[in-house]
Amino acid sequence: MEIKNICCIGAGYVGGPTMAVIALKNPHLKITIVDANPDKIKAWNGPLENLPVYEPGLADVIQETRGKNLFFSDDIDNAIIKAEMIFMSVNTPTKTEGEGAGMASDLRYIEACARNIAKVATTDKIVIEKSTLPVRTAEKIKEILDLEGNGVHFEILSNPEFLAEGTAIQDLLEPDRVLIGGDETESGQESVSALVDIYANWIPKDKILATNVWSSELSKLAANAMLAQRVSSINSLSALCEKTGANIDELSKAIGMDHRIGSHFLKASVGFGGSCFQKDILNLVYLCKYYGLDEVAEYWHQVVKINDYQKDRFAQKIINHFGGDLSGKRIAILGWAFKANTNDTRESPSIFVAEKLFNVGATLEIYDPMVSKESILNDIQAYWNCSSQIVQDRIRILNKTSSIKDSDAVAILTEWNEFKKIEFYKSKVFDGRNVLEESFYSIGKNK
Ligand code: NAD
Ligand code: UGA
C-alpha cells in the first residue's frame, strides 16, 4: 500500500511533537492531526508562542511544517477516511472506576478511536498503536475494527513512543531506537515495511527494531518500569544516606561510573512525576496480578510505593522543622512542573508536597516559570480536598521570585536552572532536586 496521507488521532504531548517531526522529515506525506477537543486544535493552529505543548525546538518545527504538509483539524471522520495510515495517540490514564480501578489502564479513549475508525473507514487502513497500552491490546482493537467495520482490511501495528518531555524534539530527531511490532503474516510484514520506510528517512536502519506485536507493547511498559525503578532505587538509598552521613550525589557518581550500571537516571529527587511512570507501572502490576504472578506484581509495586514514601518524607522534613504546625508560616514552592523544560504538571510531586504543607496550616507562594496560574489553580482544585475560600486566603501564585526572600522556608520541587541563581538570603531552603551547592536540607545529604 502506498502511503500518502497520515492521520493522527490525539493532538497531545505525543501526537503533536511526533507528527511534527515525521512531517518535517517526510515532506512528501500529508499529515493531519485531529483531536476531540476543538480548543486544542485552535491552539495548535494559533500563535507559535501559545502552542498547547511547550517543548524546546517544537515551535520551529511547527513553523516549518504547519500549513505545508502538517495540518491540525477537528474533522476527525474526514481525516480518517482520507488516510492510509492512522496513528492512535490518545491518553490512557489509570482507571478510576470499575474493575481494576486505581491500577489498570483506562482504555475507553483508545476503544473510542477504534470505533470511530471502524465506523467511517471505507478503504483498507494500517492502524498504529502510538499510545502506551497493556500487552495484548491489539487483540481487542482488532476485534472492534473487524466487528464494527465495513468489511475493509485493518492491519494493526504497535509503535510505542519513547520521547521524554522537555527533550521531545531531540529524542524524536535522534532516538535510541524506534520499535515496531507487527504480525508475522504477509500483510503484517508489508505494513511494518511501510512504517519502517517513513522512519528510515532520518533514522539509521539499525536503530529501527521490528518485533512481534506483544513484545512491542510490553517493551514500552517494561522500559518505563526499569527507568522509574532506578529513580526509586536511588531515592530509597537517599534515606539511608541521611541516616549514615553518606552523600547521595557521591553515591550516584560512584555507582554510575560502573559501565554495567551507567550514569543515567540516578539523580536523587523528591520523587518522580509525569503522566506515565506511575500509571504504566500500576498497569504492569495489574497485568502481573491478572496472570497470577503475585510476586512479580509486588516487586514492581514497590517502585511506586517508594516514590510515595519519598514525596511524603520530603514534606515531613519541612513540617518537622517547624514542630508539626505551619500555621502563620509562609512557604515558597519553587517549581510546579514535574520536571524542567516542560509545562506539564501531571502527577507532579509539587501537587502532593504543597497539599501536605497546606493541610498543616502553611501559607503558600507558588512560582513556576512555565506553568500558568490557571493550570496551578486547576491542579489544586482537581487534586486537593479543600474549599476554594481557604485556597484564596492562603495561596498566592507568583510571577517572579523577588518576594520569596521573606518566606520562612523555600521548597525547590522542579530543577529549573533559574533557581540556581536566586539569592535566598536567610530563607531555609529545602532542596528537593539537589540543584543548589548548599542548602538547609538536600535530598540524601544531611545526617
Ligand atoms: P495527552 O492527554 O496530552 O493527549 C491525548 C489527546 O487525545 C487529548 O488531546 C485528547 O483530547 C485526545 N483524545 C482522546 N480521546 C480522543 C478521541 N476518541 N478522539 C480524538 N481525540 C481524542 O496525552 P499524551 O501525553 O500525548 O499521551 C498519549 C499516549 O502516549 C499515552 O498513552 C501516554 O502513555 C503515551 N506516551 C506519553 C508520553 C509523554 O511524554 N507524554 C511519552 C510516551 C508515550
Ligand atoms: C518518561 C521516559 O523517560 C520516556 O522514555 C517515556 O517515553 C515517557 O516517560 C512516557 O512514556 O511518558 P518523562 O516522564 O517525560 O519520560 O520524563 P523523565 O525524564 O523520564 O522524568 C520522569 C520523572 O523522573 C521526572 O519527575 C524527573 O524529574 C524524575 N527523575 C528522572 C528523577 O527524579 N531522577 C532521575 O535521575 C531521572
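For the structure, see preceding data.
1. Thoughts on the overall build of the chain
Thought 1: Looking only at helices and strands, the chain has 15 helices and 14 strands in total.
Thought 2: Radius of gyration (C-alpha) of the chain: 23 Å, near the 22 Å computed for a compact globule of 447 residues.
Thought 3: By principal-axis analysis of the C-alpha atoms, the chain measures approximately 70 × 50 × 45 Å.
Thought 4: Taking the intrachain contacts of the chain between residues at least 6 apart in sequence as the baseline, contacts between residues at least 24 apart amount to 74%.
Thought 5: Summed over all atoms, the accessible surface of the chain reaches about 20,600 Å², with 50% contributed by carbon and sulfur.
Thought 6: Of the side-chain charges in the chain, 49 are positive and 61 negative, and the distance between the mean point of each set is 6 Å.

2. Some thoughts on the site of ligand 1
Thought 1: Around ligand 1 lies a shell of 26 residues, among which Asp35, Lys40, Thr92, Glu165 and Lys279 are the nearest.
Thought 2: Lys279 places a side-chain nitrogen or oxygen 2.6 Å from an oxygen atom of ligand 1.
Thought 3: Contact with the protein chains hides 90% of the accessible area of ligand 1, taken as 830 Å² for the molecule alone.
Thought 4: For the shell around ligand 1, the per-class residue count stands at 10 nonpolar, nine polar and seven charged.

3. Observations concerning the packing of helix 11 (residues 277–290) against helix 12 (residues 294–321)
Thought 1: Look at helix 11 against helix 12: their axes get within 8 Å of each other, and the N-to-C directions meet at 155 degrees. What the angle tells us is that helix 11 and helix 12 run roughly antiparallel. In this structure, helix 11 crosses over helix 12, and the sense of that crossing is left-handed. Contact residues: Gln278, Ile281, Leu282, Leu284, Val285, Cys288 and Lys289 in helix 11; Asp294, Val296, Ala297, Trp300, His301, Val303, Val304, Asp308 and Lys311 in helix 12.
Thought 2: Tallied by class, residues from the contact of helix 11 with helix 12 come to 10 nonpolar, two polar and four charged.

4. Concerning the sheet that holds strand 10 (residues 363–367)
Thought 1: Strands sit in the order 11-10-9-12-13-14 across an open sheet of six strands; the sheet is parallel. Unpaired on one side and paired on the other, strand 11 (395–397) and strand 14 (441–442) mark the two borders of the sheet.
Thought 2: Bridge count for strand 10 against strand 11 is three bridges, and the pairing is parallel. Pairing of Ile366 across the sheet is with Ile397, part of strand 11.
Thought 3: Contacts between helix 14 (residues 373–383) and the sheet are confined to strand 10 and strand 11, with strand 11 contributing the most and set at about 150 degrees to the helix.

5. Observations concerning the site of ligand 2
Thought 1: In the neighbourhood of ligand 2, 20 residues make up the surrounding shell, with Phe162, Leu163, Ser269, Cys276 and Arg433 lying closest.
Thought 2: Within the backbone of Glu161, one N or O atom sits 3.4 Å away from an oxygen atom of ligand 2.
Thought 3: Contacts to ligand 2 include Lys220, whose side-chain N or O atom sits 2.8 Å from an oxygen atom.
Thought 4: Contact with the protein chains covers 89% of the free accessible surface of ligand 2, which is 700 Å².
Thought 5: Counting residues per element, the shell around ligand 2 draws most heavily on helix 9 (residues 213–244), at four residues.
Thought 6: Here the residues of the shell around ligand 2 sort into 11 nonpolar, three polar and six charged.

6. Some details on the pattern of salt bridges
Thought 1: By the definition in use, this model includes 18 salt bridges.
Thought 2: Between Arg108 and Asp106 there is a salt bridge, with the nearest N and O atoms lying 2.9 Å from each other.
Thought 3: Taking relative accessible area as the criterion, Asp106 reaches 8% and is therefore assigned buried.
Thought 4: The network of salt bridges with common partners includes Glu165, Asp344 and Arg346.

7. Some points on helix 8 (residues 186–199)
Thought 1: Here helix 8 contains 14 residues, and its C-alpha end-to-end distance of 20 Å stays within 8% of the 20 Å for a straight helix at 1.5 Å per residue.
Thought 2: If you check which residues of helix 8 are buried, you get Gly188, Ser191, Val192, Ala194, Leu195, Val196, Ile198 and Tyr199.

8. Digging into the side chain of Asp35
Thought 1: Among the structural elements, Asp35 can be located in the loop between strand 2 (30–34) and helix 2 (38–44).
Thought 2: A polar contact of 2.7 Å, which involves the side chain of Asp35, links it to the backbone nitrogen of Ala11.
Thought 3: Within polar-contact distance, the side chain of Asp35 engages the backbone nitrogen of Asn37 at 2.8 Å.
Thought 4: Among all residues touching Asp35, those that are not within four sequence positions of it are Gly10, Ala11, Gly12, Lys40, Ile41, Ser73, Asp74 and Ile76.

9. Concerning a nonpolar patch on the surface
Thought 1: On the surface, Tyr290, Tyr291, Leu293 and Val296 cluster together to form a nonpolar patch covering roughly 420 Å² of accessible area.
Thought 2: Along the chain, Val296 falls in helix 12.

The rules behind these values
- Residues numbered from 1 in each chain as written.
- Chains lettered and ligands numbered in written order.
- Predicted model: local features only at pLDDT ≥ 70, side-chain atom pairs only at ≥ 80, totals over all residues.
- Heavy atoms only, no water.
- Helix = DSSP H or I, 4+ residues; strand = E, 2+ residues; numbered from the N terminus.
- Rg over C-alpha atoms; globule rule 2.2 N^0.38 Å.
- Contact = heavy atoms within 4.5 Å.
- Areas by Shrake-Rupley, 256 points an atom, 1.4 Å probe, with all protein chains shown as cover.
- Lys, Arg positive; Asp, Glu negative; His and termini not counted.
- Charge placed at Lys NZ, Arg CZ, Asp CG, Glu CD.
- Near = heavy atom within 4 Å.
- Polar contact = N/O pair within 3.5 Å; in protein donor to acceptor, adjacent residues only side chain to side chain.
- Nonpolar A, V, L, I, M, F, W, Y, C, P; charged D, E, K, R; others polar.
- Axes fitted to C-alpha atoms, helices over the stretch in contact; angles between N-to-C directions.
- Parallel < 35°, antiparallel > 145°, perpendicular 65-115°, else oblique.
- Left-handed = near helix turned anticlockwise from the far one by under 90°.
- Pairing = 2+ DSSP bridges.
- Salt bridge = Lys/Arg side-chain N within 4 Å of Asp/Glu carboxyl O.
- Buried < 20%, exposed > 50% of the residue type's maximum accessible area, 1.4 Å probe, protein only.
- Expected span 1.5 Å × (residues − 1).
- Patch = residues over 30% accessible without salt bridge, like charges linked within 9 Å, V, L, I, M, F, W, Y side chains within 5 Å.

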